[in-house]
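# Working through the structure, step by step
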Amino acid sequence: MEGFSTIIEPFRVKSVEPLRLTTRAEREELLGKAGYNLFALASDDVIIDLLTDSGTGAMSAEQWAALQRGDESYAGSPSWFRFEAAVKALFPFAHLIPTHQGRAAEKILFSVVGGKGKVIPNNTHFDTTRANVEHSGAEAVDLVIPEGKDPALRHPFKGNMDVGALTRLLEARKGEVPLVMVTITNNSGGGQPVSLENLRAVRAVCDRFQVPLFLDACRFAENAWFIREREEAQRGRSIKEIVRDIAALADGMTMSAKKDGLANIGGWLAMNDGALAQKCRELLILTEGFPTYGGLAGRDLDAIAQGLSEVVDESYLRYRVRAVEYLADKLCAAGVPMVEPPGGHAVYLDAKRMLRHIPPLQYPGQALAVELYREGGIRGCEIGTAMFGKRPDGSEQPAAMELVRLAMPRRVYTQSHVDFVVEAVLHVFARRESLRGMRIVEQPASLRHFTARFAPL
Ligand SMILES: *Cc1c(COP(=O)(O)O)cnc(C)c1O
């Protein structure tokens with residue numbers, strides 16, 4: 001607001017969900033039952049749930065109204081036409097294929113363009129993207145700039161693609177690259193943005209080698225906001241204009257509407273290539289549904305259509321990015337190590353630097369995540385050796401980073417909730433020397449972080 005410095009939540013609350021305030025003793029018992037795995041907790045036993053920002057946002061009154069407007073006709077429903085118009089207002093690709101969430105779009109795309117002998121470059125593949133690329137038999141290669149791999153290094157666009165490395169890959173293996181992908185914002189790299197300038201440079205390389213460029217656009221609005229704030233030439237432009245510039249550089253996209261669709265479910269795949277779209281639609285019908293609803297109910301298509309008009313609103317984005325930055329600023333000021341600067345959707349605490357006395361194979365990130373729940377009832381997500389440390393041959397290897405992600409659901413928590421999170425993290429930080437590592441007592445063959453059971457050392 002003009003002349004004032006307090007950035008307020010640009011909404012008020014119409015309907016409330018009570019939080020159950022557990023005691024420390026209760027949480028201690030719940031942790032034991034859950035095998036010290038926060039995925040195994042009932043969400044009612046969590047006070048502030050920062051496990052993910054995916055599908056956990058609050059819908060607006062207009063979105064709830066849109067649900068009521070939803071039309072469940074099997075083919076050609078008005079909900080589909082509203083969805084199509086809303087997506088194409090931002091991303092005017094010729095072909096739009098609705099899916100039940102982002103990974104379904106990835107599965108379809110890589111089933112068609114992937115396969116043995118192919119390689120997909122990306123700034124950093126999100127885990128489901130990598131899994132879908134690899135499931136097709138193709139290789140997933142991450143080419144983020146070196147600055148993007150150093151948690152403590154400040155850079156305005158740590159999600160940028162290393163254009164030199166991309167050029168070298170294409171020179172060496174052009175015939176094997178069916179498309180280049182860029183993830184905005186770079187979720188697995190800390191939610192860091194990609195600049196418009198970098199996207200233009202990637203586009204130029206794609207043109208030179210005649211390879212299509214696809215966006216993994218889950219957080220396109222947050223990325224556009226960072227472009228407007230941090231890229232000199234883009235200052236003062238509207239978010240919608242910037243998003244359309246981003247779209248114009250690409251040949252297609254995958255999307256999870258659970259992020260910047262401001263919806264609880266949904267996604268899509270879009271592209272200009274008609275022949276590719278035809279093949280994708282054939283798979284869509286096998287696993288998702290008819291091309292005018294994909295894997296979604298008509299009401300979901302309407303909720304997304306409305307969400308897309310809200311997510312590019314400047315007061316929403318200013319609040320959104322500021323809420324994450326507010327949490328990061330308070331923790332940074334107290335010396336809590338984290339990935340800097342914070343990304344658009346989460347603060348990533350650096351457990352490696354915080355808990356130097358706990359070796360990687362004693363899962364410092366897991367120890368920190370468990371302690372945040374024990375002390376504050378806060379649920380974050382370990383992104384470190386518990387998640388990535390197990391190799392296919394069963395051996396253990398430390399992950400590159402030991403992070404605990406505190407992801408902010410959209411429009412859900414207020415400033416006092418964030419203040420409470422700050423207090424709890426600082427409380428744990430003050431007694432960090434007393435934290436001890438964990439061991440794994442039971443684990444599945446793959447994706448162990450979801451179901452493994454741990455014990456304190
Ligand atoms: C969430 C996400 C996906 C997958 O979307 P889902 O809707 O969870 O299937 C893909 N890429 C990125 C960058 C994401 O954040």
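Let's shift gears to the packing of aromatic side chains. This model, assessed by the stated rule, comprises 10 aromatic pairs. With centroids separated by 5.8 Å and ring planes inclined at 80 degrees, the aromatic side chains of Phe-83 and Trp-268 adopt a geometry described as edge-to-face. Pair noted here: Phe-83 is in helix α3 (residues 78-90) and Trp-268 is in strand β8 (residues 267-271), with a separation of 185 residues, a long-range link. Overall, the relative accessible area of 0% leaves Trp-268 in the buried class. The interplanar angle of 85 degrees and the centroid separation of 5.0 Å between the aromatic rings of Phe-91 and Phe-220 together place this pair among those described as edge-to-face.

Here we come to the pattern of salt bridges. Evaluated as defined, the whole model comprises 36 salt bridges. Here Arg-320 makes a salt bridge to Asp-53, at a shortest N to O gap of 3.9 Å. Placement of Arg-320 in helix α12 (residues 314-333) and of Asp-53 in the loop between β1 (48-49) and α2 (61-69) is noted, with a sequence separation of 267 residues between them. On the basis of relative accessibility, which here comes to 2%, the residue Arg-320 falls in the buried class. Residue classification places Asp-53 among the buried positions, given a relative accessible area of 1%. One salt bridge connects Arg-173 with Glu-139, and the closest N-O pair in it is separated by 3.1 Å. In this pair, Arg-173 is assigned in helix α6 (residues 163-173) and Glu-139 in strand β4 (residues 139-142), connecting sequence segments 34 residues apart. One salt-bridge network, in which partners are shared between bridges, spans Arg-24, Glu-28, Glu-371, Arg-374, Glu-375 and Arg-431.

A few words on the domain arrangement of the protein. In terms of domains, the protein is made up of domain 1 (24-53 + 313-456) and domain 2 (61-311). Computed over C-alpha atoms, the centres of domain 1 and domain 2 are 27 Å apart. Contacts between the two partners involve 24 residues from domain 1 and, on the opposite side, 30 residues from domain 2. When the two sides are added together, the surface that domain 1 and domain 2 hide from each other amounts to roughly 2,300 Å², 52% of it contributed by carbon and sulfur. Our count for the contact surface shared by domain 1 and domain 2 stands at seven salt bridges. The salt bridge involving Arg-410 is made with Asp-260; its shortest N-O contact spans 3.3 Å. Going through the elements one at a time, α12 and β9 (346-350) are the ones with two or more residues in the side of domain 1 that touches domain 2. The element contributing the most residues to the side of domain 1 that touches domain 2 is α12, with seven residues. Across the side of domain 1 that touches domain 2, the residue classes break down as 10 nonpolar, three polar and 11 charged.

What follows concerns the side chain of Gln-306. Take Gln-306: it is sitting in helix α11 (residues 298-311). Under the relative-accessibility criterion, Gln-306 is labelled buried at 19%. Those residues in contact with Gln-306 that lie beyond four places of it in its chain are Glu-62, Gln-63 and Ala-66.

Close to the ligand lie 15 residues; Arg-103, Asp-216, Arg-219, Ser-256 and Lys-259 are nearest. Separating an oxygen atom of the ligand from a side-chain N or O atom of Arg-103 is a distance of 2.7 Å. Look at the ligand: alone it shows 370 Å² of surface, and the protein chains cover 98% of it. Where the shell around the ligand is concerned, the elements lending two or more residues are α4 (102-113) and α5 (127-135). At three residues, the largest contribution of residues to the shell around the ligand is made by α4.

What counts as what
Residues numbered from 1 in each chain as written. Predicted model: local features only at pLDDT ≥ 70, side-chain atom pairs only at ≥ 80, totals over all residues. Heavy atoms only, no water. Phe/Tyr/Trp six-rings, centres within 6.5 Å; stacked < 30°, edge-to-face > 60°. Helix = DSSP H or I, 4+ residues; strand = E, 2+ residues; numbered from the N terminus. Buried < 20%, exposed > 50% of the residue type's maximum accessible area, 1.4 Å probe, protein only. Salt bridge = Lys/Arg side-chain N within 4 Å of Asp/Glu carboxyl O. Domains from an automatic or database assignment. Contact = heavy atoms within 4.5 Å. Buried area = accessible area lost by both parts, 1.4 Å probe. Nonpolar A, V, L, I, M, F, W, Y, C, P; charged D, E, K, R; others polar. Near = heavy atom within 4 Å. Polar contact = N/O pair within 3.5 Å; in protein donor to acceptor, adjacent residues only side chain to side chain. Areas by Shrake-Rupley, 256 points an atom, 1.4 Å probe, with all protein chains shown as cover.

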